[in-house]
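Next come the chains, spelled out residue by residue.
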Amino acid sequence: MTGLDQLIIGLTALILAFLGGLMVVVSTGLSGTLSWMRLAPDLWDGILIGAVFILLAVYLLLIITRQKSEPAVVHQAELGAVRIGVNTIKGLINKKARDVKGVRESTVTVVQTEPLLVRLELQILPDYNVPSLAEELQQQVKEYLAETMGIEVAGVEILVRGIGETARPRVS
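Residues numbered from 1 in each chain as written. Predicted model: local features only at pLDDT ≥ 70, side-chain atom pairs only at ≥ 80, totals over all residues. Heavy atoms only, no water.

Here's the deal with the overall build of the protein chain
- Across its full length, the protein chain carries four helices and five strands.
- N-terminal to C-terminal, the α/β element order of the protein chain is α-α-β-β-α-β-β-α-β.
- Of the contacts made within the protein chain by residues no fewer than 6 positions apart, 56% connect residues no fewer than 24 positions apart.
- With an accessible surface of roughly 12,300 Å², the protein chain has 61% of that area assigned to carbon and sulfur atoms. (Helix = DSSP H or I, 4+ residues; strand = E, 2+ residues; numbered from the N terminus. Contact = heavy atoms within 4.5 Å. Areas by Shrake-Rupley, 256 points an atom, 1.4 Å probe, with all protein chains shown as cover.)

As structure tokens, this is what we get:
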């Protein structure tokens, strides 16, 4: 959200709070306090004020419905923050998982971004020791993201979904 957005939302909140207070005053019967509103004898003043309220309401609706940006992990660099999209992290982890011998397929889910927690669902090849394969993959993912992106990984959960068959070469 930009500074302008925050300013307009803040002003709108103040105006709405004022109008709410005004409603309370009017509902208590202290209508003498509203004599200042009669100072604007022109109909156009009321229309202008109403138009401002309508525009503010439309603007707030646009802010609310605005597309949210992709979730990201924020890495504090020397010159400022670097946002690394979750899809980028997933792609890197999938690449690393495919490089590990014994992994046939992998699906990556980012469970949370601060601190970074990822889950890998794997289909592995037969005849591989699952605990050592999982531990090796966890360590490699953690090191790979630290080296390439400067991201500290809090945890890498592994779920072995199945054991696939060894790929057989096609004979032509």
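A word on the nonpolar core
- Judged by nonpolar contacts, the single largest core of 24 residues is most densely connected at Ile89, Ile93, Leu116, Leu120, Leu137 and Leu145.
- Of all the secondary-structure elements, those providing two or more residues to this core are α3 (86-99), β3 (103-112), β4 (116-124), α4 (130-149) and β5 (153-163).
- In this structure, Ile89 is in contact with Val73, Ile84, Leu116, Leu145 and Ile151, ignoring residues within four places of it in sequence. (Core = buried A, V, L, I, M, F, W, Y, C linked by side-chain atoms within 4.5 Å. Buried < 20%, exposed > 50% of the residue type's maximum accessible area, 1.4 Å probe, protein only.)

Things to note about the pairing of strand β2 (residues 80-85)
- Of the strand pairs in this sheet, strand β1 (residues 72-77) and β2 are connected by six bridges, and their pairing is antiparallel. Each residue of the ladder has a partner; that of Ala72, found in β2, is Gly85.
- Between β1 and β2, which pair antiparallel in sequence order, lie two residues. (Pairing = 2+ DSSP bridges.)

Quick look at the packing of aromatic side chains
- Applying the stated rule across the entire model yields zero aromatic pairs.
- Over the face of the ring belonging to Tyr144 we find Lys96, whose NZ or CZ atom lies 4.8 Å from the ring centre. (Phe/Tyr/Trp six-rings, centres within 6.5 Å; stacked < 30°, edge-to-face > 60°. Lys NZ or Arg CZ within 6 Å of the ring centre and 35° of its normal.)

What about the confidence of the model for the protein chain?
- With 72% of its residues at a pLDDT of 70 or more, the protein chain has an overall mean of 79.
- Per-residue pLDDT, averaged within each element of the protein chain, yields its smallest value for helix α2 (residues 43-65) (67) and its largest for β4 (94). (pLDDT = per-residue confidence, 0-100.)

Quick notes on α3
- Spanning 14 residues, α3 covers 20 Å between terminal C-alpha atoms, matching the ideal 20 Å at 1.5 Å per step.
- When we look at burial in α3, the residues that qualify are Val86, Ile89, Leu92, Ile93, Asn94, Lys96 and Ala97.
- On the buried face of α3, the contacting elements are β1, β2, β3, β4 and α4. (Expected span 1.5 Å × (residues − 1).)

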